[in-house]
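# Observations on chain architecture
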Amino acid sequence: QVQLVESGGGLVQPGGSLRLSCAASGIIFRVYAMGWYRQAPGKQRELVAAITSRSSTNYVDSVKGRFTISRDNAKNTVYLQMNSLKPEDTAVYYCNAFYEAYRYNYWGQGTQVTVSS
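Let us look at the structure shown here.

So, how was this worked out
Residues numbered from 1 in each chain as written. Predicted model: local features only at pLDDT ≥ 70, side-chain atom pairs only at ≥ 80, totals over all residues. Heavy atoms only, no water. Helix = DSSP H or I, 4+ residues; strand = E, 2+ residues; numbered from the N terminus. Rg over C-alpha atoms; globule rule 2.2 N^0.38 Å. Buried < 20%, exposed > 50% of the residue type's maximum accessible area, 1.4 Å probe, protein only. Contact = heavy atoms within 4.5 Å. Areas by Shrake-Rupley, 256 points an atom, 1.4 Å probe, with all protein chains shown as cover. Lys, Arg positive; Asp, Glu negative; His and termini not counted. Charge placed at Lys NZ, Arg CZ, Asp CG, Glu CD. Disulfide = S-S within 2.5 Å.

## As for the overall build of the protein
Counting secondary structure elements, the protein contains zero helices and eleven strands. Mapped from its N terminus to its C terminus, the protein presents α and β elements in the order β-β-β-β-β-β-β-β-β-β-β. Relative to a compact globule of 117 residues, whose C-alpha radius of gyration would be 13 Å, the protein shows 13 Å and is just as compact. Here the C-alpha coordinates of the protein stretch approximately 40 × 25 × 25 Å along the principal axes. The buried share of the protein, reckoned over its 117 residues, is 38%. Sequence-distant contacts, at least 24 apart, represent 53% of the contacts inside the protein between residues at least 6 apart. A total accessible area of about 6400 Å² is found for the protein, and carbon and sulfur atoms account for 46% of it. Of the side chains in the protein, 12 bear a positive and 7 a negative charge, and the two mean positions are spaced by 4 Å.

## A word on the state of the cysteines
Following the criterion strictly, the structure yields one disulfide and no others. Here Cys22 engages in a disulfide with Cys95; their sulfurs sit 2.1 Å apart. Its torsion about the S-S bond being -80 degrees, the disulfide of Cys22 and Cys95 is classed as left-handed. Taken together, the residues span a long stretch of sequence, with Cys22 in strand β3 (residues 18-25) and Cys95 in strand β9 (residues 91-99) at a distance of 73 residues. For the pair shown, Cys22 and Cys95 are each scored as buried.

Shape is all these values report; function is a separate question.
Okay, structure coming up:
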């Protein structure tokens, strides 16, 4: 049974920081590309950051220089360090695991991030 469990969301003031974690089980974590998506009310889900199995990364333009994605294959965990948070970063953040060879695609349950004063 595949599980992706996110943690680390919460309420933070503008300019603050949060670190999201996603612990994976039931998959061979090291071969999966991992991503963080977000969905704000009334908006489509968007890819925020992704990291390949070889640790290449990419980011949506709006978070470049503020967010950092990383992975620890020994802990089967992917992280999203979010700095200089803005109110427009408010959304539910979802962890995603994708294995291209077989098109396996899994989602976590989401964690709420609210940036407000």
